[in-house]
Amino acid sequence: MARTASPTPRLPVRRLIAGFCAVFGLACLVTLGALFNIASTLDQQEQQRSAFHATQALEQRLLASRQFLSSYAVWDAAYEHLAGKVDWQWAFEQKNVGESLYSASGYEGVFVIDDQRTSYALFKGAPTQAAADSFIEAPLGPIIAQARAAASSREQITRFVIFNNRPAVLTAAAVRPDREVTAQEVSQAPVMLFVDQLTEQKLEHLGASAGLAHMHVEQHEANEPGHQHIALGDTGYRLAWASPLPGRQLLWALLPPLVCALLVLGLVMLYLFRHALRSSRAIDTSLEHLRQSNHALEASEQRFRAVAEAASDWIWETDRQQRLTYLSQRFVRVTGNPVDTWLGQPLNLLLSCDTTPLSPWLDAQADADNEQPANLRCAYRDHNGQNRYCRISARAILYDGKLAGFRGTASDITDEVAAHARIQHLSLHDPLTGLANRNKLARHLEQALLRGADSAPLTLLLLDLDDFKPINDSLGHGAGDAVLQEVAARLRDTTRDGDLVARLGGDEFVLVLAGLDNRSEVDRMCRRLIELLRQPITFEDQPLQVGASLGIAQTRTQGFDAGELIRCADIALYQAKADGKNTWRYFAPEMNQQIQYRRQLENDLRRALKHDEFVLYYQPRYRLGDLRIVSVEALLRWQHPQEGLLGPDTFIPLAEQSELIVTLGRWVLREACRSAQGWPQPLLVSVNLSPAQFLRSDVVSDVRDILLETGFPAQRLELEITENVMLNDIEGALGTMLALKELGVRLNMDDFGTGYSSLGYLRTYPFDSIKIDKRFIAGLGNANSTDRAVVQAIINLGEAMGLTVTAEGVETEQQLQALTRDRCHEVQGYYLSRPVERAAFEALLQQGPGVALARGKPAPTG
């Protein structure tokens, strides 16, 4: 993007001020530089002087040590008593080479050694049997050889060594007589060693003699600021001291007043320049605004580039002719194509859209609302030639109200498109068999019957497997699934390309035969299907046998309504089942009466919802220990205007076949919560949930909304769920139940013991309680029945899993006593109380515990 360069203004005042400032600054720098240079020179001279004195002091100590050793080593008596076998009496006892060398002269180590051994050793003035090399960390052989070589000329040698873990001065000389000797005579002479350890006291004295402060020894790695040092041979240590810095002292003396003087001078100059600056202030302000604008533009460009490179989408720009002028680096990472290859190329060569031409779509953006970028799904090919998809957004670039190009982003949505296609496929196909599902069946029928009476003839076969449930119950879901998959494959292979095979659910299938209207052909088709499906199906080397019953509906006789065709085929299927299975039946007009009844009942059901014809009855649940009412189950009844009070078995199955079950279920839940709001706090209210309600509505959202609307405590609400809920959608049902538990409601498994995998459900799903099916309770009065053992097992199972166990359908005193002996938790049934209206139930609550049984008789129902 181009920047507008600001012209450099003519500012004589500013230039004059700048010149004076430069001269003043240069003078300050020269003055300060000279001052620092003088200080540095003084410090260097002082450091050189201190180094010279330190070296001289050290050399003097070495020389004194050599001279002192010479008086002991070049001595006839020493040669006589120390050469060969050492005379300790002479050396130590008579103090010729004794303790005074340490106490008076400060030598920590005194040794007489030869090539093989240490013949005489003193450590800090005391005799020791330790060899010299146990104290001295240096090879002694070269020292002995050098000392003997220097003996003929009466010289000594000195070395810096580590003695007893500290630097020391070692002075060595061969023991010889005080006369002229030859090198041959002293070639085997013993060597006397004096070791002067550089202790802090000695170094302090040495530094004082040289006029140096804080003299000490340190390792080579140490680097203390302001210290100088002299290496002590190969010991790894060095002699260090603090050198005076007169230059720094000079700086501290002169620098503060000098800086103050310069500041005063600067303030005077500032005051003089102030008047000149006032005249240029307006120009400076304008320049500052221009600089800020340029900085803001540069920052904006940097932010744009940073966002462009870091974003997951790639950014593009074109000119007016829709030729690419910019592609962000994200384009390379997403598509694998280099940017340079596409710059200057038309955008429609890179991207294409099947539904909307790209160029006219972009041109239309020039007239659109520029604040709302438009989106379009396009296809492109990556560097491997693979077809991919992206969603582009675009808006026009306007300069002075004229179109200059287009700018936008592109988001790669290949995975989203693939997922959407997968979802579309799953929404139209049964996941187990791969056949069409209800949704695809509805679409297929809608398309096939679109033209009504002008549509091609169509025959619909509704097929239900015979003897499938025993296989599923005895061998499990694996065997059932294998049977369904094999049946689906056989049905698919039997039909033509234009026909449709769909699975409605469970073991129910639909075949839509297009253009087939002749009954003889349909009969042959049905006969072939039945014979084909009766062929054994092998599962784990075990042959399984199923059959099929079919109900048939045809557009020629039943019309062109898809729902009507399925209902007619369903009625015909029931007739085929009733006539002995493994056969087929066509829908007959005399079956229409049942359709008419169901249709009338469905219309009445819709009207009942509008006119509040439904009522709730309440059947209490008693705690078996004290026969106190601890819960109440809300049961739906229909007060039909013509047929009177109808039970749920009459209309609930019909409601479950339509969306009415959702509305009806919400009404029951809301009415039960509203009615129980004023009842005693511990009392639970139990509401049944239909499997169809689970499938067709957001049960969690419904329960949450009704709890909030009515203000009913969630912990007092119990939802009764049958096994069919889990059968329809295992994973979805588990997620829904966990979400319901998060709301705080209780879950009760209804009709426990009737399903083939109820125990597995208890381990998987978050139930709080279970209800023993009333069929088991009914058998408790029969002495030969096995129901007693089943009931006992269920109660023990509930105890083990921490679940509340309720027995429903208690109708006799004998059943109640048996459940008491088996320690069941709660009971419910006609023997205790029938379902009653709200007023009667509230009156029952007022009577208190124990009233339900009066001399063994059922309590009045009101």
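These figures come from a predicted structure and were not determined experimentally.

1. Observations concerning the packing of aromatic side chains
- Under the counting rule described, the total for this entry stands at 22 aromatic pairs.
- Between the aromatic rings of Phe614 and Phe651, the centroid separation amounts to 5.7 Å while the plane-to-plane angle is 50 degrees, which identifies the pairing as tilted. Linking Phe614 in strand S22 (residues 614-623) with Phe651 in helix H21 (residues 648-656), this pair joins segments that are 37 residues apart in sequence.
- On the basis of relative accessible area, Phe651 is assigned to the buried category, the value being 0%.

2. Looking at the sheet that holds strand S20 (residues 547-554)
- Strand order in the open sheet formed by five strands is S16-S17-S15-S20-S21, with mixed pairing between adjacent strands. A strand with exactly one partner marks an edge of an open sheet, and here the two such strands are strand S16 (500-505) and strand S21 (584-586). When the angles between neighbouring strand axes are averaged without regard to direction, this sheet yields 20 degrees.
- The pairing of S16 with strand S17 (residues 508-514) spans five bridges and is antiparallel. Each bridged residue has a counterpart across the sheet, and for Leu500 the counterpart in S17 is Val512.
- Where helix H17 (residues 519-533) meets the sheet, its contacts fall on strand S15 (458-466), S17, S20 and S21, and the angle it forms with S20 comes to roughly 160 degrees.

3. Regarding the packing of H21 against helix H22 (residues 660-675)
- Running from N to C, H21 and H22 cross one another at 125 degrees; their axes reach a closest spacing of 7 Å. Our classification of the angle between H21 and H22 gives oblique. From H21, Phe651, Ile652, Ala655 and Glu656 reach across to H22, where they touch Leu660, Ile661 and Leu664.
- Each residue belonging to the contact of H21 with H22 can be placed in one class, and the counts come to six nonpolar, no polar and one charged.

4. So, the confidence of the model for the chain
- Taken as a whole, the chain shows an average pLDDT of 84; of its residues, 91% reach a score of 70 or greater.
- Across residues 1-10 the pLDDT falls below 50, and counting only partners more than four positions away or on other chains, this stretch makes ten contacts in the model.
- For the stretch residues 853-862, pLDDT sits under 50, and the model shows 19 contacts to residues farther than four places along the chain or on other chains.

Rules behind the numbers
Each chain has its residues counted from 1, running along the sequence as written. Restriction of local features to residues with pLDDT of at least 70 applies here, the model being predicted, together with a cutoff of 80 or more for giving and counting side-chain atom pairs; totals for whole chains, interfaces and linings are based on all residues. Based on all heavy atoms of the structure, the side-chain values leave hydrogens and waters out of the count. Under the pairing criterion, centres of Phe, Tyr and Trp rings, with the six-membered ring standing for Trp, must be within 6.5 Å; the plane angle then separates stacked pairs below 30 degrees from edge-to-face pairs above 60, leaving the rest tilted. Note on conventions: DSSP H or I runs of at least 4 residues are helices, E runs of at least 2 residues are strands, and numbering of each starts at the N terminus. Accessible area is worked out with a 1.4 Å probe on protein chains only. A residue is then buried under 20% of its type maximum, exposed over 50%, and partly exposed in between. Two strands qualify as a pair provided that DSSP identifies no fewer than 2 bridges between them. For helices, the axis comes from a line fit to the C-alpha atoms of the stretch in contact; other axes are also lines fit to C-alpha atoms, and the angle between any two N-to-C directions lies between 0 and 180 degrees. Here, two residues are considered to be in contact whenever any of their heavy atoms come within 4.5 Å of each other. Orientation is classified from the angle alone, with under 35 degrees giving roughly parallel, over 145 giving roughly antiparallel, 65 to 115 giving roughly perpendicular, and any other angle giving oblique. Note on residue classes: Ala, Val, Leu, Ile, Met, Phe, Trp, Tyr, Cys and Pro are nonpolar, Asp, Glu, Lys and Arg are charged, and everything else, Gly too, is polar. Predictor confidence is given residue by residue as pLDDT, running from a minimum of 0 to a maximum of 100.

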